[in-house]
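The chain contents come next:
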Amino acid sequence: RNASTKYDVLVVGGGPGGYVAAIKAAQLGYNTACIEKRGALGGTCLNVGCIPSKSLLNNSHLYHQIVHEAETRGIAIDGKVSVDFDKLMAAKDKAVKTLTGGIEMLFKKNKVTYIKGAGSFVDEHKVAVTPIDGSEAHEVEADHIIVATGSEATPFPGIEIDEERIVTSTGILSLKEIPKRLSIIGGGIIGLEMASVYSRIGSEVTVIEFQNAIGAGMDAEVAKTTQKLLAKQGLKFKLGTKVTKGVREGDVVKIEVEDVKSGKKEELESDVLLVAIGRRPYTEGLNLEKAGLELDNKGRLVIDDQYRTKHEHIRVIGDVTFGPMLAHKAEEEGIAAAEYIKHGHGHVNYANIPSVMYTHPEVAWVGLNEEQLKEKGIKYKVGKFPFIANSRAKTNLDTDGFVKFIADAETQRVLGVHVIGPNAGEMIAEGGLALEYGASTEDIARTCHAHPTLSEAFKEAALSTFDKPINF
Ligand code: FAD
């Protein structure tokens, strides 16, 4: 490579935001390169996030079903059913490898140059690359730069992570053995997904949460039901509880907690402690000052509504800037940023970004919840339909949960959809479509849904906002 290679578009970070932006920019005709320092494309999501967690969730769920439901379902098991933890992890690693390799192929197909190295700004048009293979550093230059360097786990003040006994989400995805006792600080999505995985395969799991409710951001009624169902599966919850200490002593972790209200202290012991209190933007080593880029007080790169920093040609997308830290949000922004460069316009509807928790049952929502609507003073109606009254859920012996629609009291326009139940993560796509097209609940209730499917519960919940349901 020359001392300085020039590209039309240079993307720093190859996660869901960066790799999608790079492919889109190339498809729009730009000579594009993407710098990634991890040694694999796909970022947090594919390597240590969405994908490995979903592999463990899916396979641990299958195991749990076999152990607890095989007999009821008429499946006889001759001999012992057990978890082969090494193979469970190997299946996860294989899924990660296949998918990250797939992005490399997509880069080739779209003629995106993949630069394996760490990028840091030299000035607002030049980025120095330190290759991961140890070869000599060099500079690349670009007319447009898209920063997509993502996020990292937020540390807990005073608790030292060793990724063995005291772990972040990265360590918990690669444990060497199933911990007998697992404690988790944080009852958000990542904490509860990992709690589910390890509880299903035999760990005693305790979730410690400062707030009085789990599932940050969930509709309160859904969060309550979720907690009840997860508790039934064996998860222990300590809500309204503050962690004051967590130290490793040999092979155990000693944790001190305090009841937020009463101040009552308690000591817990665990084999592994997962710190899952959130994520923070990651800009280490980027040398932002050299390009004069600005961070806000939460460490997020500051941008305008076209993802532009104070330099028009440097844009920022994904976890490292504002908005929900979700892979699909980063991807949408990747497309929009490339389109802004090409056409001067792009589009992401921030009022319509679904959230999904892949526990069992799954929990998914899009749009506003009751608490948010009350705060805004918007009058609304609620329609609910339980899966216990849905023929497919009953046939599948999987009836926990419900679909909840929130519609404008006067116009019936869909304002929010909240689902707890089997396949909620797939079903929520229909809610997103309804929001995007400004549908009313009547539009949905009058749309023919196939029988027998779980989506009939979706239709009947919509119907329930303005009329009587048929099957309940
Ligand atoms: P990232 O994916 O973090 O990618 C940034 C990349 O930039 C990294 O690969 C990093 O190595 C690279 N990089 C950083 N600095 C430099 C540099 N200076 N030079 C070169 N490269 C650099 N989201 C969902 O939507 N669904 C889920 O189910 C889900 N599950 C999750 C589970 C876990 C355990 C975790 C931790 C996260 C999960 N997320 C999920 C969140 C999701 O992973 C992130 O929102 C998403 O990865 C953000 O994409 P991004 O491109 O902004 O950043």
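Above this text sits the structure in question.
Please read all numbers here as calculations on a predicted model, not as lab measurements.

Chemist: Describe the overall build of the protein, naming the residues involved and giving the relevant values.
Modeler: The helix and strand tally for the protein stands at 14 helices and 21 strands. Against the 2.2 N^0.38 benchmark of 23 Å for 472 residues, the protein shows a C-alpha radius of gyration of 24 Å, consistent with a compact globule. Each principal axis of the C-alpha atoms in the protein carries an extent, and together these give about 70 × 60 × 50 Å. Counting only residues that meet the buried cut, the protein has 51% of its 472 residues in that class. Considering only contacts within the protein whose residues lie at least 6 apart along the sequence, 63% involve residues at least 24 apart. Approximately 22500 Å² of the protein is accessible, and the part contributed by carbon and sulfur atoms is 50%.

Chemist: So, the packing of aromatic side chains: which residues are in play, and what are the values?
Modeler: This structure, assessed with the given rule, holds 5 aromatic pairs. Plain terms: the ring middles of Tyr 307 and Tyr 340 are 5.9 Å apart, the flat faces sit at 65° to each other, and that makes the pair edge-to-face. Remark: Tyr 340 occurs in helix α9 (residues 327–343) and Tyr 307 occurs in the loop between α8 (288–291) and β16 (314–316); sequence separation between them is 33 residues. Look at Tyr 340 and you get buried, because its relative accessible area is 13%. Over the ring of Tyr 30 we find Lys 342; its NZ or CZ atom is 5.6 Å from the centre of that ring. The residue whose ring lies beneath Lys 384 is Phe 402, and the NZ or CZ to ring-centre distance is 4.9 Å.

Chemist: I'd love a proper account of the packing of helix α3 (residues 50–69) against helix α4 (residues 85–109), names of residues and values included.
Modeler: Contact geometry for α3 and α4: axes closest at 9 Å, N-to-C directions at 140°. For the element pair α3 / α4, the angle class is oblique. Taken as a pair, α3 and α4 cross one another with a handedness that is right-handed. Listed contacts from α4 to Ile 51, Pro 52, Ser 55, Leu 56 and Asn 59 of α3 are Leu 88, Met 89, Ala 91, Lys 92, Ala 95, Val 96 and Leu 99. Partitioning the contact of α3 with α4 into residue classes produces 9 nonpolar, 2 polar and 1 charged.

Chemist: Talk me through the site of the ligand; I want residue IDs and the actual numbers.
Modeler: The full set close to the ligand counts 39 residues, and Glu 36, Thr 44, Lys 54, Gly 119 and Ala 327 are the nearest of them. Arg 38 is positioned such that a nitrogen or oxygen atom in its side chain is 2.9 Å from an oxygen atom of the ligand. Contacts to the ligand include Leu 326, whose backbone N or O atom sits 3.2 Å from an oxygen atom. Within the complex, the protein chains bury 95% of what would otherwise be the 990 Å² of accessible surface of the ligand. Of all the elements in the fold, those that place two or more residues in the shell around the ligand are α1 (16–27), β2 (32–36), α2 (43–48), α3, β3 (113–121) and α9. It is α2 that contributes the most residues to the shell around the ligand, 4 residues altogether. Considering only residue class, the shell around the ligand consists of 16 nonpolar, 17 polar and 6 charged.

Chemist: Now, about the layout of surface pockets: what can you tell me, with residues and values included?
Modeler: In this structure, the second largest pocket spans a volume of roughly 480 Å³. What lines the second largest pocket is a set of 20 residues, and nearest its centre among them are His 328, Asn 352, Pro 354, Ile 428 and Ala 429. The leading source of residues in the lining of the second largest pocket is helix α12 (residues 424–436), at 7 residues. Tallied by class, residues from the lining of the second largest pocket come to 8 nonpolar, 7 polar and 5 charged.

What counts, and where the lines are drawn
- Residues numbered from 1 in each chain as written.
- Predicted model: local features only at pLDDT ≥ 70, side-chain atom pairs only at ≥ 80, totals over all residues.
- Heavy atoms only, no water.
- Helix = DSSP H or I, 4+ residues; strand = E, 2+ residues; numbered from the N terminus.
- Rg over C-alpha atoms; globule rule 2.2 N^0.38 Å.
- Buried < 20%, exposed > 50% of the residue type's maximum accessible area, 1.4 Å probe, protein only.
- Contact = heavy atoms within 4.5 Å.
- Areas by Shrake-Rupley, 256 points an atom, 1.4 Å probe, with all protein chains shown as cover.
- Phe/Tyr/Trp six-rings, centres within 6.5 Å; stacked < 30°, edge-to-face > 60°.
- Lys NZ or Arg CZ within 6 Å of the ring centre and 35° of its normal.
- Axes fitted to C-alpha atoms, helices over the stretch in contact; angles between N-to-C directions.
- Parallel < 35°, antiparallel > 145°, perpendicular 65-115°, else oblique.
- Left-handed = near helix turned anticlockwise from the far one by under 90°.
- Nonpolar A, V, L, I, M, F, W, Y, C, P; charged D, E, K, R; others polar.
- Near = heavy atom within 4 Å.
- Polar contact = N/O pair within 3.5 Å; in protein donor to acceptor, adjacent residues only side chain to side chain.
- 1 Å grid on protein atoms, 1.4 Å probe; cavity = no way out; pocket = protein on both sides within 12 Å on 5 of 7 lines; lining within 4 Å.
- Points joined across faces, edges and corners; volume = space filled by probe spheres on them.

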